[in-house]
Amino acid sequence: MKRVLVVVLLALTILLGAYFFNQYWTHRYDALISRQAAIYRVDPDLVWSIIYEETYFRPWKMGKDDEIGLMQVTPTVGREWATATGMRELERTMATDPHSYLRDPEHNIQVGCWYLEKIREQFRNTPDPESRVIAAYNAGPSRAVEWGRAQPDGRQISSDEFITRIDIPSTRAYVVSVLQRYRKVKS
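To start, this report covers the structure provided alongside it. (Residues numbered from 1 in each chain as written. Predicted model: local features only at pLDDT ≥ 70, side-chain atom pairs only at ≥ 80, totals over all residues. Heavy atoms only, no water.)

Our next topic: the pattern of salt bridges. Taken as a whole and assessed by the stated rule, the structure comprises 13 salt bridges. With its nearest N and O atoms 3.3 Å apart, the salt bridge here joins arginine 35 to glutamate 106. You can see arginine 35 sitting in helix α2 (residues 30-39) and its partner glutamate 106 sitting in helix α7 (residues 105-122), a full 71 residues away along the chain. The class of arginine 35 is partly exposed, set by a relative accessible area of 41%. Judged by relative accessible area, glutamate 106 falls into the partly exposed class, the value being 30%. In this structure, the salt-bridge partner of lysine 186 is aspartate 43, at a minimum N-O distance of 3.1 Å. (Salt bridge = Lys/Arg side-chain N within 4 Å of Asp/Glu carboxyl O. Helix = DSSP H or I, 4+ residues; strand = E, 2+ residues; numbered from the N terminus. Buried < 20%, exposed > 50% of the residue type's maximum accessible area, 1.4 Å probe, protein only.)

Glancing now at the packing of aromatic side chains. Taken as a whole, this structure holds 9 aromatic pairs when the rule is applied. Between tryptophan 25 and tryptophan 60 the ring centres are 6.2 Å apart and the planes differ by 65 degrees, which places this aromatic pair in the edge-to-face class. With tryptophan 25 in helix α1 (residues 2-27) and tryptophan 60 in the loop between α3 (44-55) and α4 (75-85), this pair connects stretches of sequence that are 35 residues apart. Residue classification places tryptophan 25 among the buried residues on the basis of a relative accessible area of 17%. Considering the side-chain rings of tyrosine 52 and tyrosine 56, the 5.1 Å spacing of their centres and the 85 degrees angle between planes classify their relative orientation as edge-to-face. You can call tyrosine 52 partly exposed: its relative accessible area is 26%. An aromatic cluster is present here, built from Trp48, Tyr52, Tyr56 and Phe57 joined pairwise through their rings. Taking NZ or CZ as reference, arginine 28 lies 3.7 Å from the ring centre of tryptophan 25, over its face. (Phe/Tyr/Trp six-rings, centres within 6.5 Å; stacked < 30°, edge-to-face > 60°. Lys NZ or Arg CZ within 6 Å of the ring centre and 35° of its normal.)

Moving on to helix α11 (residues 169-186). Look at α11: 26 Å from first C-alpha to last across 18 residues, which is about the 26 Å you get at 1.5 Å a residue. All of the buried residues along α11 are Thr171, Tyr174, Val175, Ser177, Val178, Leu179, Arg181 and Tyr182. The inward-facing, buried residues of α11 abut α3, α8 (129-139), α9 (141-147) and α10 (159-165). (Expected span 1.5 Å × (residues − 1). Contact = heavy atoms within 4.5 Å.)

Here it is, written out as structure tokens:
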């Protein structure tokens with residue numbers, strides 16, 4: 001009987017430890033996400049959902065196409081952001097060593113939120129813009145525009161219709177996964 005109790009207590013301890021570690025791991029950047037999302041007027045829950053999908057909160061992660069850090073920001077997007085700031089020092093940094101700058105979680109989230117805001121503005125007049133924003137973040141805004149073209153009668157397509165038009169399977173799966181997580185967090 002004592003052995004069973006010890007095994008149960010040990011299992012419970014391991015499960016609770018794993019649960020609390022996961023809570024810490026997935027929420028340790030919440031303050032950074034909230035601050036940058038507020039600056040760029042994007043939903044922090046969407047930012048959190050994208051980071052979860054992109055890297056599961058591993059700031060050291062590098063993508064196969066040179067994406068960097070938590071939000072998998074490309075050096076090209078980093079340079080666009082630096083140019084938009086108008087600050088010459090940031091432009092020089094992003095031109096010479098974007099990897100060092102974008103590996104920093106705060107900078108990475110800042111640039112990622114700026115990019116999300118830029119994309120969101122492009123799709124603000126569409127119904128259910130989240131799916132389009134997520135697709136644009138993953139595959140580029142021009143592809144998302146193409147997939148979201150209105151029907152011949154001028155009717156805007158729904159989010160579900162948009163998702164079925166995504167002809168890159170990995171992007172379609174990405175959009176569905178991020179949307180599911182985002183809606184779960186919002187509920």
